[in-house]
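If you want the building blocks of each chain, they are given just below.
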Amino acid sequence: MFIRLVALSTLAFLVLPLVVVIGVSLTDTKFLAFPPQGLTLSWYAVVLENPTYLRSFLTSAVLAALATLAAILVALPAAIAMARYSFPGKSALSALMLSPLVLPHIVIGAALLQYGASIGLVRNFPALLVGHVVIVTPFVLRTLLPLFSQEQLSQEEASRDLGASAWSTFFLVTLPQIRAGLVSGGIFAFITSFINVELSIFNTTSTLNTIPVQLFNYVQYSVDPSIAAVSSLTILAAAIAIILIDWLIGLDFLSGS
Amino acid sequence: MTLLAITNVTKSFANYRALDRVSLDVAQGEFISLLGPSGCGKTTLLRIIGGFMSANSGRVVIDGEDVSVLPPEKRPLNTVFQNYALFPHMTVLQNVAYGPLRGGASRKEAESRAQEALEMVGLAAMAPRSPRAMSGGQQQRVALARAIVNRPKLLLLDEPLSALDLQLRKRMQIELKQLQVQLGITFIFVTHDQEEAMAMSDRIAVMSAGHIEQIDVPEAIYRRPKTRFVADFIGEANILPMQADGRSRAENPSEGVLRPENLRVFTQADDLPAGWSSLPGRVTATTYVGGTSNIYLTSGDRTLHARRYSALPDGVRDGVDVIAGFDPADVHVLEG
Amino acid sequence: MFTSRPTLLWLLALPVCVFTAFFLMPLGVVLVASLTTQDGQVSFAQYGRILMDGYHWQVIGVTFRLAILSTLICVVLGYPLAWYLVRIVQWRSWRRACVILLILPLFTSNIVRSFGWMVLLGRTGLVNDALLATGLVERPVRFLGTETGILIGLVYILLPFTVLTIGNALARVEPALEQASRDLGAGPMRTFFSITFPLTMHGVMAGGIIVFSMAISAYVTPALLSGGKVTVLAMLAFQQYSTVFDFNYGGALSITLLAFTMALIGFSSWLARLGAHDMKGN
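Residue indices follow the written sequence of each chain, beginning from 1 at its first position. Key to labels: chains lettered from A, ligands numbered from 1, both in the order written. It should be noted that, the model being predicted, local features are given only for residues of pLDDT at least 70 and side-chain atom pairs only at 80 or more, the latter also being counted only at that level, while totals for whole chains, interfaces and linings use all residues.

A.B. asks: I'd like to hear about the overall build of chain A, residue by residue, with values.
C.D. replies: Tallying secondary structure elements over chain A gives ten helices and zero strands in all. Ordered by position from the N terminus, the helices and strands of chain A form the series α-α-α-α-α-α-α-α-α-α. With respect to the principal axes defined by its C-alpha atoms, chain A has extents near 70 × 60 × 35 Å. When burial is assessed residue by residue, chain A has 46% of its 257 residues classed as buried. The long-range share in chain A, meaning contacts at least 24 apart out of those at least 6 apart in sequence, stands at 72%. Secondary structure counts use DSSP, requiring at least four H or I residues in a row for a helix and at least two E residues in a row for a strand, with both numbered from the N terminus. Neighbour counting defines burial: a residue surrounded by 20 or more other C-beta atoms within 10 Å of its own C-beta is buried, one with 12 or fewer is exposed, and intermediate counts give partly exposed, using backbone-placed C-beta atoms. Any two residues are considered in contact once their C-beta atoms, placed from the backbone, lie within 7 Å.

Now the structure itself:
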């Protein structure tokens, strides 16, 4: 009973701020009010009529999509190499490629800025992209690695034995078995890129901005309910992404057996 | 003396009834097997006795005490789990000493008792090892040592040999039986392997669809099965229709069972001993393995199986018309 | 399928190039910069500046205090919630809903979540309203711009990680092990401490490491909830790059942050190995 109480309060604690943000976005007042006073969607109209917000949304979406795609192109061959070969430096390579998961993003961002400055890769879209590829690749790699098994190896041999080429074997036998991992890793990568501030903040400008960085700059200087409206839209996007994952691969991974 | 008395135990899950008013009495020192196909309720019954599951109704009494509502740790019994359930983060000795420690023994005493139990199963030297680094057979023995170290009145064994290979399984059957006799502990042994049950048990309870079909000594189960299910599940059976011709002992005779070793195959009708019944048939397949020959016949729309512990009779080949004969006294009439 | 050596080279080419060019080399550049003065001399002066200055020690102290506290709180709050989700919830759909609620914050930007707390923790925010209404305090408590405020924000953001890792570990504990413990005479509490908790320790450790390493390098949450009144290491490093433009000194701060994180990860994997060794019981 005690555990139930603690658990449910903790769950409420996790949801509360999101509820507050959505609540504030509906307020009739010009200042942040929660519970909202009056109900209006006018703050959403303010956001949707603001071209800077729309441009940032677009930038974030394109950036996240391209970073995810690139991360798959980088992580998939690496995962196959690590699963199927033994080669010197294998564990070092996997540690290297997974380390952006735990290393401070602000340090990676600063390093890329300093390094990029020397080769002209700074404050432009490619500069943003390479940074995002580095931080989202480990998400894809991590979900892919455990999906390669010994049984697959003999299945692949069987496929070759039956006359399929290496490429057809990959697409017909291997890929279908890792597809779920590729999709969920890809969604995690997309989201990680989409909500990143620490890395993007080094390479954004007033005309090239991602939505979280723009919000971050906004929140520090002025606050009005339009920020809550933008935030609510990102919460909505997150909810859609989660329901999508749940529908694709199921999120019931906490149940036993 | 009755050690365990189960009365009218019923257990239903959301969509089916796993146990339907099951009653069973087990005597002190008895080795009893719960035998049946998967889904028959044998494991459910064992879990209810162990206290891992509660029945919807009915009582479980051990040694005169109603334990129906007691948690597992308060029941005077121990369990050997199907996949052994050895604690992976403890050594073999720690695993076996776990029970005595919970019973309030000092660490020293618990360890010496654990060591003693390990000696009984022949694993004294393995005490400091991790159970994860052991073979299946060794893990099985550790699980056994852990379950007997507290000298429970009753030991529950949930298919303990099912993960072992055939040879090891045969050897463990003998060892388990010896250990049971030596310790005098009552064993309740769940299995789906009829040969295992036949080889080890004092009595066998054959279960099907949530109830006990028949409970008796192994020989009686084999020779006098009460139902067609028991006849089919234990050994092989030729099921014959019974005519109300006075040979049968049941009131409404319907079917009789004839074991393959009691069915003989003749090439000529003249060879049939006096008083025997016969059926015409055609040989469809024969095998000869390890001194035993098997002959499969069709007779009308029925398939018959004859077995003899010698070479195939002369002239019995696939496609040959023969006569299948049996002594009517060997036909056991089924009740239902 | 792929078994030849030349194939291996093809497979590794892109990953190795990308991570060398855009990860290793940039970090190398920072390391070099941190070891040079602004006119290009090799020197430890930047690190001297950090280590000699009391202000830096204070910042490092705040950073560590916040990271340690948020890790502890995340584990203490995360375990019961994980237990509830894995062991108590029977109804599949409700568990599914809970998991979605748990993951939703992870899929939402730190900004949005911290922004929620800015509203909640303000002088006239819901938290203060509630405290005043229940008579627990007489005057509004100042949360924004204090370590407490940052701590609440960090715990909030990092909690799902411990719930997920612990929950995963809990779900993998074989029920038969706990049943065996009960069968051998241990009560529910004893079983938890002797069997269940040790078997989920790796989940606790994994969650703890994630939380600690993210808390120690957190930037957005402290920046938003500190109101400029509390400074953590990541904020200090960022200032050097964004406003002071001292890349050498900023580099040294970055490397310090990196070193702390890596030392911690090294320490915990050493602990984990020690634990694994213990499990073998040698």
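A.B. asks: Explain the overall build of chain C residue by residue, including any values.
C.D. replies: When you go through chain C residue by residue, the secondary structure sums to twelve helices and zero strands. Counting helices and strands in the order they occur from the N terminus, chain C gives α-α-α-α-α-α-α-α-α-α-α-α. Across its three principal axes, chain C shows a C-alpha extent of roughly 75 × 70 × 40 Å. By the burial criterion, 49% of the 282 residues in chain C qualify as buried.

A.B. asks: Could you give an account of the environment of A:Gln177, naming the residues involved and the relevant values?
C.D. replies: All names here are of chain A. Within the secondary structure, glutamine 177 sits in helix H8 (residues 166–194). Judged by the 14 C-beta atoms lying within 10 Å of it, glutamine 177 falls in the partly exposed class. Each residue touching glutamine 177, except ones within four places of it in the same chain, is listed here: Leu147 and Gln152.

A.B. asks: Provide a residue-level description of the interface of chain B and chain C, including the pertinent values.
C.D. replies: Accessible area lost upon the coming together of the parts serves often as the stated size of an interface. On the side of chain C, 18 residues touch chain B, which itself brings 22 residues to the contact. Secondary-structure elements contributing two or more residues to the side of chain B that touches chain C are strand E6 (77–80) and helix H2 (92–102) of chain B. The biggest single contributor to the side of chain B that touches chain C is H2(B), with three residues.

A.B. asks: Could you give me a rundown of the packing of H2(B) against helix H4 (residues 136–148) of chain B, with the residues and numbers involved?
C.D. replies: Residues and elements named next belong to chain B. It is the contact of H2 with H4, at a shortest axis distance of 7 Å, that shows an interaxial angle of 25°. Put simply, H2 runs roughly parallel to H4. Between H2 and H4 lies a crossing of right-handed hand. Mapping the contact onto sequence places Val92, Asn95, Val96, Tyr98 and Gly99 in H2 and Val142, Ala145 and Arg146 in H4. Each residue gets one of three labels, nonpolar for Ala, Val, Leu, Ile, Met, Phe, Trp, Tyr, Cys and Pro, charged for Asp, Glu, Lys and Arg, and polar for the others, Gly among them. Of the residues in the contact of H2 with H4, the class split is five nonpolar, two polar and one charged. To obtain each axis, a line is fitted to C-alpha atoms, and for helices this fit is confined to the stretch in contact; angles are then taken between N-to-C directions over 0 to 180 degrees. Under this scheme an angle from 65 to 115 degrees is roughly perpendicular, one under 35 degrees roughly parallel, and one over 145 degrees roughly antiparallel; angles in between are oblique. Two helices crossing with the near one rotated counterclockwise from the far one by less than a right angle form a left-handed crossing, whereas a clockwise rotation gives a right-handed crossing.

A.B. asks: Which residues make up the interface of chain C and chain A, and what are the values?
C.D. replies: Contacts between the two partners involve 72 residues from chain C and, on the opposite side, 71 residues from chain A. Of all the secondary-structure elements, those providing two or more residues to the side of chain C that touches chain A are helix H1 (5–34), helix H3 (54–88), helix H4 (92–103), helix H5 (110–121), helix H7 (147–172), helix H10 (220–226), helix H11 (233–244) and helix H12 (247–280) of chain C. Broken down by element, the side of chain C that touches chain A gets its largest block of residues, 15 residues, from H1(C). A per-class count over the side of chain C that touches chain A returns 57 nonpolar, eleven polar and four charged.

A.B. asks: Give me the lowdown on the packing of helix H1 (residues 2–25) of chain A against H5(C), citing residues and values where you can.
C.D. replies: At a minimum axis distance of 8 Å, the contact between H1(A) and H5(C) shows a crossing angle of 80°. For the element pair H1(A) / H5(C), the angle class is roughly perpendicular. Of the residues in H5(C), those in contact with A:Leu16, A:Pro17, A:Leu18, A:Val20, A:Val21 and A:Val24 of H1(A) are C:Val112, C:Arg113, C:Phe115, C:Gly116, C:Trp117, C:Val119 and C:Leu120. Counted by class, the contact of H1(A) with H5(C) contains eleven nonpolar, one polar and one charged residues.

A.B. asks: Account for the nonpolar core, naming residues and giving values.
C.D. replies: Under the definition applied here, buried Ala, Val, Leu, Ile, Met, Phe, Trp, Tyr and Cys residues are grouped into a nonpolar core through C-beta atoms within 7 Å. A:Ala71, A:Ala75, C:Ala215 and C:Ala234 are the most contacted members of the largest nonpolar core, which totals 157 residues. No other element matches the 16 residues that helix H3 (residues 51–84) of chain A contributes to this core. A:Ala71 has contacts with A:Val133, A:Val136, A:Thr137, A:Val140 and A:Ala189, leaving out every residue within four places of it along the chain. Core analysis: the second largest hydrophobic core is formed by 99 residues, B:Phe31, B:Ile49, B:Val60 and B:Ala306 among them.

A.B. asks: Could you give an account of the pairing of strand E14 (residues 277–289) of chain B, with specific residues and numbers?
C.D. replies: All names here are of chain B. Examined bridge by bridge, E14 and strand E17 (residues 321–326) share six bridges and lie antiparallel to one another. Of the residues in E17, the one forming a bridge with serine 277 is phenylalanine 326. Alignment of E14 against strand E15 (residues 292–299), held across seven bridges, turns out to be antiparallel. Across the sheet, threonine 287 pairs through a bridge with asparagine 294, a residue of E15. In short, DSSP must find at least two bridges between two strands for them to pair. Remark: two residues form the turn of the hairpin made by E14 and E15, two consecutive strands paired antiparallel; glycine 290 in that turn has positive phi of roughly 55°.

A.B. asks: Could you give an account of the sheet that holds E17(B), with specific residues and numbers?
C.D. replies: All names here are of chain B. Here five strands make up an open sheet; going across it, the order is E13-E17-E14-E15-E16 and the pairing antiparallel. Both outer strands of the open sheet, strand E13 (264–266) and strand E16 (302–308), are each paired with one neighbouring strand and no more. For this sheet, the mean angle separating the axes of adjacent strands, direction not counted, is 45°.

A.B. asks: Got a sec to walk through helix H5 (residues 166–183) of chain B? Specific residues and values, please.
C.D. replies: Residue and element names in this part refer to chain B. Helices are assigned an expected span. That span is 1.5 Å times one less than the residue count. Here H5 contains 18 residues, and its C-alpha end-to-end distance of 26 Å stays within 8% of the 26 Å for a straight helix at 1.5 Å per residue. What H5 keeps buried is the set Met172, Leu176 and Gln180. Buried residues of H5, viewed axially, fall in a sector of 70°; they line one side. Projecting away from the buried face of H5 at angles above 90 degrees are the exposed residues Gln167, Ile174, Gln178, Val181 and Gln182. On the buried face of H5, the contacting elements are strand E3 (31–35), H4, strand E8 (186–191) and helix H6 (194–200). Downstream of H5 by a residue or two, glycine 184 has a phi angle that is positive, lying close to 70°. Along the arc lie the directions from the helix axis toward the C-beta atoms.

A.B. asks: Residue-level account of the arrangement of the chains, with values.
C.D. replies: The structure contains two pairs of chains in contact, of which chains A and C account for the largest number of contacts. At the level of C-alpha atoms, the two units chain A and chain B stay apart, their nearest approach being 15 Å.

A.B. asks: Help me get a handle on the pairing of strand E12 (residues 255–258) of chain B, residues and values and all.
C.D. replies: Residues and elements named next belong to chain B. Side-chain alternation along E12 places Glu255 and Val257 on one buried face and Gly256 and Leu258 on a second face that is also buried. Across four bridges, strand E11 (residues 238–241) lies against E12 in antiparallel orientation. Its bridge partner being in E12, asparagine 238 is matched across the sheet by leucine 258. The sheet contact formed by E12 and strand E18 (residues 332–333) spans two bridges and is antiparallel. Following the sheet pairing, valine 257 is matched in E18 by histidine 332.

A.B. asks: An account of the confidence of the model for chain C is requested, with residue identities and associated values reported.
C.D. replies: All names here are of chain C. On average, chain C scores 84 in pLDDT, and the residues at 70 or more come to 95%. At the low end of the mean pLDDT range in chain C sits H12, at 74; at the high end sits helix H8 (residues 175–183), at 92. The pLDDT value tells you how sure the predictor is about a given residue, anywhere from 0 up to 100. Below pLDDT 50 for its whole length, residues 277–282 participates in nine contacts with residues either more than four positions away or in separate chains. Here the predicted complex scores 0.79 on pTM and 0.82 on ipTM.

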